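A closer look at the structure
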Amino acid sequence: MNRYESAKELYAQIGVDTDQALKTLASVPISMHCWQGDDIGGFEDNGGASGGIAATGNFPGKARNPEELMADIKMAFSVIPGKHRLNLHALYAIGQPGEKVARNRIEPRHFQPWVDFARAEGIGLDFNSSFFSHPMAADNLTLAHPDPAVREFWVEHGIACRKIADYMGAQLGSSCLHDVWIPDGYKDFPADRMGPRMLLKDSLDKMFAVKYDPAHMRDCVEAKLFGIGVEAFTVGSHEFYMNYVAHNPDVLYLMDSGHFHPTESIADKISALLLFEDRIALHVTRPMRWDSDHVVLLDGDTQEIAREIIRCKALDRVVIGLDFFDAGINRIAAWAVGMRNMQKALLSALLMPHDTLKKMQEERRFTEQMALQEELKTYPLGDVWDQFCEMQNVPVRGAWLKEVERYSAVHFPERA
(Lines give C-alpha, C1' and ligand atoms only; values in the text may rest on other atoms or scores of the structure.)
Protein backbone atom coordinates (compact mmCIF):
# COMPACT_ATOMS: atom_id res chain seq x y z
CA MET A 1 0.00 0.00 0.00
CA ASN A 2 1.43 3.43 -0.95
CA ARG A 3 1.53 6.36 1.43
CA TYR A 4 -1.56 8.03 0.00
CA GLU A 5 -3.69 4.90 0.27
CA SER A 6 -2.58 4.50 3.88
CA ALA A 7 -3.46 8.13 4.63
CA LYS A 8 -6.79 7.72 2.85
CA GLU A 9 -7.72 4.82 5.12
CA LEU A 10 -6.72 6.72 8.24
CA TYR A 11 -8.81 9.77 7.32
CA ALA A 12 -11.74 7.54 6.36
CA GLN A 13 -11.84 6.27 9.94
CA ILE A 14 -12.87 9.77 11.07
CA GLY A 15 -15.32 10.23 8.21
CA VAL A 16 -13.12 12.25 5.83
CA ASP A 17 -13.03 11.46 2.09
CA THR A 18 -9.54 12.42 0.87
CA ASP A 19 -10.43 11.89 -2.80
CA GLN A 20 -13.22 14.44 -2.49
CA ALA A 21 -10.92 16.83 -0.64
CA LEU A 22 -8.43 16.70 -3.51
CA LYS A 23 -11.17 17.23 -6.07
CA THR A 24 -12.44 20.24 -4.16
CA LEU A 25 -8.96 21.73 -3.73
CA ALA A 26 -8.31 21.44 -7.47
CA SER A 27 -11.32 23.67 -8.11
CA VAL A 28 -10.13 26.55 -5.87
CA PRO A 29 -8.31 29.37 -7.70
CA ILE A 30 -6.04 31.65 -5.67
CA SER A 31 -5.16 35.07 -7.07
CA MET A 32 -1.37 35.42 -7.18
CA HIS A 33 -0.13 39.00 -6.95
CA CYS A 34 2.20 40.20 -9.69
CA TRP A 35 4.02 42.72 -7.48
CA GLN A 36 6.05 40.11 -5.61
CA GLY A 37 8.09 39.69 -8.79
CA ASP A 38 9.50 43.22 -8.95
CA ASP A 39 9.18 44.63 -5.41
CA ILE A 40 6.04 46.65 -6.27
CA GLY A 41 8.03 48.60 -8.83
CA GLY A 42 5.71 48.66 -11.82
CA PHE A 43 6.56 50.18 -15.17
CA GLU A 44 6.21 53.90 -14.51
CA ASP A 45 9.65 54.84 -13.16
CA ASN A 46 8.16 56.70 -10.21
CA GLY A 47 10.84 55.59 -7.79
CA GLY A 48 9.34 52.42 -6.35
CA ALA A 49 6.76 51.77 -3.67
CA SER A 50 5.58 54.44 -1.26
CA GLY A 51 2.51 55.23 0.79
CA GLY A 52 3.34 53.21 3.88
CA ILE A 53 4.46 50.09 2.02
CA ALA A 54 7.95 48.89 1.17
CA ALA A 55 9.73 45.80 -0.11
CA THR A 56 13.04 45.16 1.65
CA GLY A 57 16.06 43.17 0.47
CA ASN A 58 18.25 43.02 -2.61
CA PHE A 59 18.16 39.39 -3.75
CA PRO A 60 19.34 39.21 -7.38
CA GLY A 61 16.92 38.58 -10.21
CA LYS A 62 14.29 41.27 -9.84
CA ALA A 63 12.13 41.49 -12.98
CA ARG A 64 12.87 44.74 -14.84
CA ASN A 65 10.27 44.77 -17.57
CA PRO A 66 6.98 43.10 -18.62
CA GLU A 67 8.68 40.27 -20.45
CA GLU A 68 10.78 39.24 -17.48
CA LEU A 69 7.90 39.58 -15.06
CA MET A 70 5.59 37.47 -17.22
CA ALA A 71 8.28 34.81 -17.62
CA ASP A 72 8.81 34.65 -13.86
CA ILE A 73 5.06 34.42 -13.22
CA LYS A 74 4.79 31.58 -15.72
CA MET A 75 7.68 29.81 -13.98
CA ALA A 76 6.00 30.19 -10.59
CA PHE A 77 2.71 28.79 -11.88
CA SER A 78 4.56 25.76 -13.27
CA VAL A 79 5.47 24.58 -9.74
CA ILE A 80 2.15 25.48 -8.09
CA PRO A 81 -0.54 22.79 -8.38
CA GLY A 82 -3.91 23.71 -9.87
CA LYS A 83 -5.12 26.57 -12.06
CA HIS A 84 -5.10 30.01 -10.50
CA ARG A 85 -5.50 33.72 -11.23
CA LEU A 86 -3.15 36.68 -11.56
CA ASN A 87 -3.67 39.90 -9.62
CA LEU A 88 -2.39 43.11 -11.26
CA HIS A 89 -1.90 46.67 -10.06
CA ALA A 90 -2.60 49.68 -12.28
CA LEU A 91 1.05 50.74 -12.16
CA TYR A 92 1.82 47.71 -14.34
CA ALA A 93 0.31 49.35 -17.44
CA ILE A 94 2.28 48.59 -20.59
CA GLY A 95 2.46 51.50 -23.01
CA GLN A 96 3.96 51.75 -26.47
CA PRO A 97 7.74 52.32 -26.62
CA GLY A 98 8.42 55.82 -25.33
CA GLU A 99 4.82 56.36 -24.21
CA LYS A 100 4.34 57.94 -20.78
CA VAL A 101 0.98 56.77 -19.51
CA ALA A 102 -0.73 59.15 -17.09
CA ARG A 103 -2.32 57.11 -14.34
CA ASN A 104 -5.70 58.80 -14.68
CA ARG A 105 -5.64 58.14 -18.43
CA ILE A 106 -4.80 54.45 -18.54
CA GLU A 107 -7.00 52.40 -20.85
CA PRO A 108 -7.71 48.74 -21.54
CA ARG A 109 -5.17 48.82 -24.38
CA HIS A 110 -2.40 49.36 -21.83
CA PHE A 111 -3.26 45.97 -20.33
CA GLN A 112 -3.86 44.05 -23.53
CA PRO A 113 -0.49 42.26 -23.16
CA TRP A 114 -1.64 41.02 -19.75
CA VAL A 115 -4.97 39.87 -21.18
CA ASP A 116 -3.10 38.02 -23.92
CA PHE A 117 -0.79 36.46 -21.34
CA ALA A 118 -3.72 35.36 -19.17
CA ARG A 119 -5.56 33.90 -22.15
CA ALA A 120 -2.47 31.93 -23.18
CA GLU A 121 -2.09 30.60 -19.63
CA GLY A 122 -5.80 29.84 -19.30
CA ILE A 123 -6.22 31.97 -16.18
CA GLY A 124 -8.36 34.88 -15.01
CA LEU A 125 -7.18 38.33 -13.96
CA ASP A 126 -7.91 40.53 -10.96
CA PHE A 127 -7.04 44.21 -10.75
CA ASN A 128 -6.13 46.94 -8.27
CA SER A 129 -6.23 50.70 -8.59
CA SER A 130 -2.81 52.09 -7.58
CA PHE A 131 -3.27 55.04 -5.19
CA PHE A 132 0.41 55.20 -4.19
CA SER A 133 3.92 55.60 -5.62
CA HIS A 134 2.94 58.72 -7.55
CA PRO A 135 3.65 62.46 -7.25
CA MET A 136 -0.07 63.11 -6.71
CA ALA A 137 0.05 60.87 -3.61
CA ALA A 138 3.21 62.36 -2.14
CA ASP A 139 1.60 63.33 1.16
CA ASN A 140 -0.38 60.09 1.63
CA LEU A 141 -3.68 61.70 0.64
CA THR A 142 -5.62 60.79 -2.50
CA LEU A 143 -9.41 60.35 -2.51
CA ALA A 144 -9.60 62.23 0.80
CA HIS A 145 -7.24 65.06 -0.17
CA PRO A 146 -8.54 68.55 0.70
CA ASP A 147 -7.55 69.80 -2.77
CA PRO A 148 -10.43 69.09 -5.22
CA ALA A 149 -7.97 68.81 -8.13
CA VAL A 150 -6.07 66.00 -6.41
CA ARG A 151 -9.28 64.16 -5.56
CA GLU A 152 -10.48 64.55 -9.14
CA PHE A 153 -7.25 63.04 -10.46
CA TRP A 154 -7.66 59.98 -8.29
CA VAL A 155 -11.39 59.61 -8.97
CA GLU A 156 -10.51 59.62 -12.67
CA HIS A 157 -7.89 56.96 -11.97
CA GLY A 158 -10.45 54.77 -10.22
CA ILE A 159 -12.97 55.22 -13.02
CA ALA A 160 -10.33 54.26 -15.57
CA CYS A 161 -9.38 51.17 -13.54
CA ARG A 162 -12.98 50.00 -13.34
CA LYS A 163 -13.24 50.16 -17.13
CA ILE A 164 -10.06 48.15 -17.42
CA ALA A 165 -11.27 45.52 -14.93
CA ASP A 166 -14.55 45.22 -16.82
CA TYR A 167 -12.63 44.75 -20.07
CA MET A 168 -10.42 42.06 -18.53
CA GLY A 169 -13.39 40.12 -17.21
CA ALA A 170 -15.32 40.36 -20.48
CA GLN A 171 -12.32 39.32 -22.59
CA LEU A 172 -11.43 36.34 -20.41
CA GLY A 173 -14.95 35.25 -19.50
CA SER A 174 -14.10 35.37 -15.80
CA SER A 175 -15.23 38.12 -13.44
CA CYS A 176 -12.38 40.44 -12.49
CA LEU A 177 -12.18 41.64 -8.88
CA HIS A 178 -11.27 45.34 -8.77
CA ASP A 179 -9.80 46.38 -5.42
CA VAL A 180 -9.54 49.89 -3.98
CA TRP A 181 -7.01 50.52 -1.24
CA ILE A 182 -5.80 54.04 -0.44
CA PRO A 183 -2.98 55.16 1.90
CA ASP A 184 -4.87 58.25 3.10
CA GLY A 185 -4.32 59.36 6.66
CA TYR A 186 -2.22 61.45 9.00
CA LYS A 187 1.04 60.84 10.83
CA ASP A 188 -0.11 62.66 13.97
CA PHE A 189 -3.46 63.16 15.63
CA PRO A 190 -5.81 65.04 13.29
CA ALA A 191 -7.95 68.02 14.19
CA ASP A 192 -10.75 66.67 12.00
CA ARG A 193 -11.64 63.05 11.26
CA MET A 194 -15.13 63.54 9.89
CA GLY A 195 -14.06 65.88 7.09
CA PRO A 196 -11.61 63.49 5.38
CA ARG A 197 -14.11 60.64 5.66
CA MET A 198 -16.83 62.77 4.07
CA LEU A 199 -14.45 63.50 1.20
CA LEU A 200 -13.61 59.80 0.82
CA LYS A 201 -17.28 58.83 0.74
CA ASP A 202 -17.99 61.45 -1.91
CA SER A 203 -15.02 60.33 -4.01
CA LEU A 204 -16.04 56.67 -3.81
CA ASP A 205 -19.62 57.51 -4.75
CA LYS A 206 -18.37 59.31 -7.87
CA MET A 207 -15.95 56.54 -8.74
CA PHE A 208 -18.58 53.79 -8.40
CA ALA A 209 -21.39 55.72 -10.11
CA VAL A 210 -21.33 53.65 -13.30
CA LYS A 211 -22.63 50.10 -12.78
CA TYR A 212 -20.99 47.14 -14.47
CA ASP A 213 -22.10 43.58 -15.09
CA PRO A 214 -20.84 41.52 -12.11
CA ALA A 215 -20.18 38.68 -14.53
CA HIS A 216 -17.34 40.86 -15.84
CA MET A 217 -16.24 42.93 -12.84
CA ARG A 218 -16.87 43.28 -9.09
CA ASP A 219 -15.60 46.21 -6.98
CA CYS A 220 -14.21 45.80 -3.49
CA VAL A 221 -12.77 48.13 -0.87
CA GLU A 222 -9.89 47.34 1.47
CA ALA A 223 -9.46 48.80 4.95
CA LYS A 224 -6.29 49.33 6.94
CA LEU A 225 -5.54 50.05 10.59
CA PHE A 226 -2.43 52.18 10.01
CA GLY A 227 0.73 52.46 7.95
CA ILE A 228 4.10 54.16 7.96
CA GLY A 229 3.38 57.88 7.74
CA VAL A 230 -0.27 57.43 8.75
CA GLU A 231 0.21 56.04 12.24
CA ALA A 232 -2.35 58.25 13.98
CA PHE A 233 -5.32 58.18 11.61
CA THR A 234 -6.40 56.15 8.58
CA VAL A 235 -9.35 57.55 6.65
CA GLY A 236 -10.39 54.20 5.15
CA SER A 237 -10.76 52.29 8.39
CA HIS A 238 -12.49 48.95 9.00
CA GLU A 239 -15.60 50.66 10.34
CA PHE A 240 -15.76 53.11 7.45
CA TYR A 241 -15.63 50.45 4.75
CA MET A 242 -17.88 48.03 6.62
CA ASN A 243 -20.58 50.68 6.62
CA TYR A 244 -19.86 51.75 3.06
CA VAL A 245 -20.34 48.19 1.83
CA ALA A 246 -23.50 47.82 3.91
CA HIS A 247 -25.01 50.79 2.06
CA ASN A 248 -23.57 49.87 -1.35
CA PRO A 249 -24.42 46.22 -2.02
CA ASP A 250 -22.62 46.19 -5.38
CA VAL A 251 -19.30 46.66 -3.55
CA LEU A 252 -17.55 43.81 -1.72
CA TYR A 253 -15.47 44.10 1.42
CA LEU A 254 -11.88 42.87 1.25
CA MET A 255 -9.94 41.96 4.39
CA ASP A 256 -6.15 41.91 4.34
CA SER A 257 -4.77 39.81 7.18
CA GLY A 258 -2.02 42.39 7.75
CA HIS A 259 -4.35 45.37 8.04
CA PHE A 260 -5.63 44.79 11.56
CA HIS A 261 -4.26 44.87 15.06
CA PRO A 262 -1.65 42.10 15.57
CA THR A 263 -3.94 40.35 18.05
CA GLU A 264 -6.90 40.33 15.64
CA SER A 265 -7.57 37.42 13.30
CA ILE A 266 -9.52 37.92 10.11
CA ALA A 267 -10.63 34.30 10.47
CA ASP A 268 -12.95 35.41 13.27
CA LYS A 269 -14.49 38.06 10.99
CA ILE A 270 -15.31 35.75 8.05
CA SER A 271 -18.48 34.21 9.45
CA ALA A 272 -19.69 37.59 10.72
CA LEU A 273 -19.41 39.09 7.24
CA LEU A 274 -20.88 36.09 5.42
CA LEU A 275 -24.06 36.41 7.46
CA PHE A 276 -24.75 39.73 5.74
CA GLU A 277 -22.76 39.69 2.48
CA ASP A 278 -23.12 37.35 -0.48
CA ARG A 279 -19.38 37.45 -1.18
CA ILE A 280 -16.22 38.75 0.49
CA ALA A 281 -12.57 38.92 -0.55
CA LEU A 282 -9.30 38.23 1.26
CA HIS A 283 -5.67 39.21 0.88
CA VAL A 284 -3.74 36.64 2.86
CA THR A 285 -0.32 37.72 4.08
CA ARG A 286 1.90 37.38 7.15
CA PRO A 287 2.34 40.51 9.25
CA MET A 288 5.38 40.16 11.48
CA ARG A 289 4.93 43.27 13.62
CA TRP A 290 2.67 45.36 11.41
CA ASP A 291 1.61 45.21 7.76
CA SER A 292 5.06 43.99 6.77
CA ASP A 293 3.70 41.47 4.25
CA HIS A 294 6.00 38.51 4.76
CA VAL A 295 5.64 35.34 2.66
CA VAL A 296 2.64 33.27 3.72
CA LEU A 297 3.61 30.28 5.86
CA LEU A 298 1.61 27.23 6.90
CA ASP A 299 1.18 28.77 10.33
CA GLY A 300 -1.74 28.91 12.73
CA ASP A 301 -3.18 32.13 11.34
CA THR A 302 -3.22 30.87 7.75
CA GLN A 303 -4.71 27.55 8.77
CA GLU A 304 -7.43 29.20 10.83
CA ILE A 305 -8.42 31.40 7.88
CA ALA A 306 -8.71 28.31 5.69
CA ARG A 307 -10.65 26.39 8.33
CA GLU A 308 -13.17 29.17 8.72
CA ILE A 309 -13.79 29.30 4.97
CA ILE A 310 -14.37 25.55 4.88
CA ARG A 311 -16.45 25.48 8.10
CA CYS A 312 -18.73 28.13 6.59
CA LYS A 313 -18.98 26.11 3.35
CA ALA A 314 -17.98 29.34 1.64
CA LEU A 315 -15.40 28.42 -0.99
CA ASP A 316 -17.73 29.84 -3.62
CA ARG A 317 -18.30 33.04 -1.61
CA VAL A 318 -14.76 33.97 -0.57
CA VAL A 319 -12.33 35.31 -3.17
CA ILE A 320 -8.83 34.38 -2.00
CA GLY A 321 -5.77 36.38 -3.04
CA LEU A 322 -2.26 36.74 -1.62
CA ASP A 323 -0.36 39.95 -0.90
CA PHE A 324 3.28 39.98 0.16
CA PHE A 325 6.55 41.32 -1.22
CA ASP A 326 9.86 39.93 -0.02
CA ALA A 327 12.92 41.12 -1.91
CA GLY A 328 15.30 39.32 0.42
CA ILE A 329 14.78 35.85 -1.09
CA ASN A 330 14.26 34.40 -4.54
CA ARG A 331 11.09 36.16 -5.67
CA ILE A 332 9.76 33.21 -7.68
CA ALA A 333 10.34 30.88 -4.74
CA ALA A 334 8.45 33.35 -2.53
CA TRP A 335 5.42 33.06 -4.81
CA ALA A 336 5.63 29.27 -4.79
CA VAL A 337 6.00 29.01 -1.00
CA GLY A 338 3.08 31.35 -0.35
CA MET A 339 0.72 29.84 -2.89
CA ARG A 340 1.50 26.24 -1.97
CA ASN A 341 1.08 27.05 1.72
CA MET A 342 -2.32 28.63 1.14
CA GLN A 343 -3.33 25.48 -0.70
CA LYS A 344 -1.94 23.26 2.05
CA ALA A 345 -3.96 25.24 4.58
CA LEU A 346 -7.11 24.72 2.54
CA LEU A 347 -6.34 21.01 2.17
CA SER A 348 -5.77 20.69 5.91
CA ALA A 349 -9.16 22.30 6.48
CA LEU A 350 -10.83 20.03 3.93
CA LEU A 351 -9.40 17.02 5.78
CA MET A 352 -11.06 17.91 9.08
CA PRO A 353 -14.30 16.25 10.24
CA HIS A 354 -16.07 19.57 10.75
CA ASP A 355 -19.53 18.11 11.29
CA THR A 356 -18.19 15.84 14.03
CA LEU A 357 -16.36 18.71 15.72
CA LYS A 358 -19.41 20.95 15.46
CA LYS A 359 -21.59 18.29 17.07
CA MET A 360 -19.10 17.96 19.91
CA GLN A 361 -19.27 21.72 20.49
CA GLU A 362 -23.07 21.76 20.43
CA GLU A 363 -23.17 18.89 22.93
CA ARG A 364 -20.54 20.60 25.08
CA ARG A 365 -18.14 17.69 24.72
CA PHE A 366 -15.20 20.06 24.87
CA THR A 367 -12.67 17.50 26.07
CA GLU A 368 -13.30 15.26 23.06
CA GLN A 369 -13.34 18.27 20.76
CA MET A 370 -9.94 19.47 21.93
CA ALA A 371 -8.47 15.96 21.87
CA LEU A 372 -9.58 15.33 18.29
CA GLN A 373 -8.39 18.73 17.10
CA GLU A 374 -4.97 18.03 18.59
CA GLU A 375 -4.76 14.51 17.14
CA LEU A 376 -5.52 15.89 13.69
CA LYS A 377 -2.33 17.94 13.82
CA THR A 378 -0.25 14.78 13.34
CA TYR A 379 -2.43 13.13 10.70
CA PRO A 380 -0.62 12.53 7.37
CA LEU A 381 -1.53 15.77 5.59
CA GLY A 382 1.80 15.64 3.76
CA ASP A 383 0.99 12.34 2.08
CA VAL A 384 -2.32 13.69 0.77
CA TRP A 385 -0.59 16.88 -0.40
CA ASP A 386 2.04 14.85 -2.27
CA GLN A 387 -0.76 12.98 -4.03
CA PHE A 388 -2.32 16.31 -5.04
CA CYS A 389 0.98 17.54 -6.52
CA GLU A 390 1.40 14.29 -8.48
CA MET A 391 -2.16 14.52 -9.80
CA GLN A 392 -1.55 18.14 -10.89
CA ASN A 393 1.79 17.27 -12.53
CA VAL A 394 3.94 19.60 -10.45
CA PRO A 395 7.09 18.77 -8.48
CA VAL A 396 6.54 16.97 -5.17
CA ARG A 397 8.06 18.22 -1.92
CA GLY A 398 11.33 20.14 -2.31
CA ALA A 399 11.77 19.22 -5.97
CA TRP A 400 9.98 22.39 -7.00
CA LEU A 401 12.81 24.52 -5.59
CA LYS A 402 15.32 22.75 -7.83
CA GLU A 403 13.21 23.78 -10.83
CA VAL A 404 13.17 27.40 -9.66
CA GLU A 405 16.91 27.36 -9.01
CA ARG A 406 17.62 26.01 -12.51
CA TYR A 407 15.48 28.75 -14.05
CA SER A 408 17.13 31.39 -11.87
CA ALA A 409 20.63 30.25 -12.75
CA VAL A 410 19.86 30.84 -16.43
CA HIS A 411 17.87 34.08 -16.28
CA PHE A 412 18.95 36.02 -13.21
CA PRO A 413 22.59 36.71 -14.25
CA GLU A 414 21.22 38.60 -17.28
CA ARG A 415 19.48 41.03 -14.90
CA ALA A 416 22.51 42.07 -12.86
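Structural data are supplied above this passage.
Now for a look at the structure at hand. Just so you know, these numbers come straight off a predicted model, no measurement behind them. (Residues numbered from 1 in each chain as written. Predicted model: local features only at pLDDT ≥ 70, side-chain atom pairs only at ≥ 80, totals over all residues. Heavy atoms only, no water.)

A look at the pairing of strand β8 (residues 251-256)
The buried fraction of β8 amounts to six of the six residues, a majority that puts the element mostly inside the structure. With burial as the criterion, each face of β8 is covered, one bearing Val251, Tyr253 and Met255 and the other bearing Leu252, Leu254 and Asp256. Across four bridges, strand β6 (residues 217-222) lies against β8 in parallel orientation. Across the sheet, the residue bridging to Asp219 is Val251, located in β8. Two elements, β8 and strand β9 (residues 280-284), share three bridges in a ladder whose sense is parallel. Paired with Leu254 across the strands is Ala281, a residue of β9. You can see the chain leave β8, run along helix α8 (residues 266-274) and come back into β9, and the turn it takes is right-handed. (Buried < 20%, exposed > 50% of the residue type's maximum accessible area, 1.4 Å probe, protein only. Helix = DSSP H or I, 4+ residues; strand = E, 2+ residues; numbered from the N terminus. Pairing = 2+ DSSP bridges. Right-handed = clockwise from strand over helix to strand, strands pointing away.)

What to know about the packing of aromatic side chains
Throughout the structure, instances matching the rule amount to twelve aromatic pairs. For the pair Tyr11 and Tyr379, a centre-to-centre distance of 5.3 Å together with 55 degrees between the ring planes defines the contact as tilted. Linking Tyr11 in helix α1 (residues 3-12) with Tyr379 in the loop between α12 (366-376) and α13 (381-391), this pair joins segments that are 368 residues apart in sequence. When its relative accessible area of 3% is taken as the criterion, Tyr11 is described as buried. Judged by relative accessible area, Tyr379 falls into the buried class, the value being 18%. Centroid distance Phe111 to Phe127: 4.9 Å. Interplanar angle 80 degrees. Geometry classified as edge-to-face. You can see Phe111 sitting in the loop between β2 (85-89) and α4 (112-121) and its partner Phe127 sitting in strand β3 (residues 124-128), a full 16 residues away along the chain. Classification of Phe127 by relative accessible area gives buried; the value is 0%. Taken together, the ring pairs in this structure connect Phe208, Phe240, Tyr241 and Tyr244 into an aromatic cluster. (Phe/Tyr/Trp six-rings, centres within 6.5 Å; stacked < 30°, edge-to-face > 60°.)

Points about unusual backbone geometry
In this structure, Asp39 is a non-glycine residue whose phi angle is positive, near 60 degrees. Positioned with a positive phi, Ser133 is a non-glycine residue whose angle comes to about 50 degrees. Structurally, the position occupied by Ser133 is in the loop between β3 and α5 (148-172). Note on Ser133: relative accessible area 5%, which makes it buried.

A closer look at the pattern of salt bridges
Counted according to the given criterion, the structure contains 28 salt bridges. Among the salt bridges present, the one from Asp116 reaches Arg119, with a minimum N-O distance of 3.6 Å. With Asp116 and Arg119 both in helix α4 and three residues apart, this pair spans about one turn of that helix. The class of Asp116 is partly exposed, set by a relative accessible area of 38%. Beyond isolated ion pairs, a larger network of salt bridges with shared partners links Arg64, Glu68, Asp72 and Arg415. (Salt bridge = Lys/Arg side-chain N within 4 Å of Asp/Glu carboxyl O.)

A closer look at α1
What α1 keeps buried is the set Tyr4, Ala7 and Tyr11. Down the axis of α1, the buried side of the element spans an arc of 60 degrees, and every buried residue falls inside it. Buried positions along α1 lie against α2 (18-26) and α13. Among the residues of α1, the N-terminal cap falls to Asn2, whose side-chain oxygen and the backbone nitrogen of Tyr4 are separated by 3.1 Å. (Arc of directions from axis to C-beta. Contact = heavy atoms within 4.5 Å. Polar contact = N/O pair within 3.5 Å; in protein donor to acceptor, adjacent residues only side chain to side chain.)

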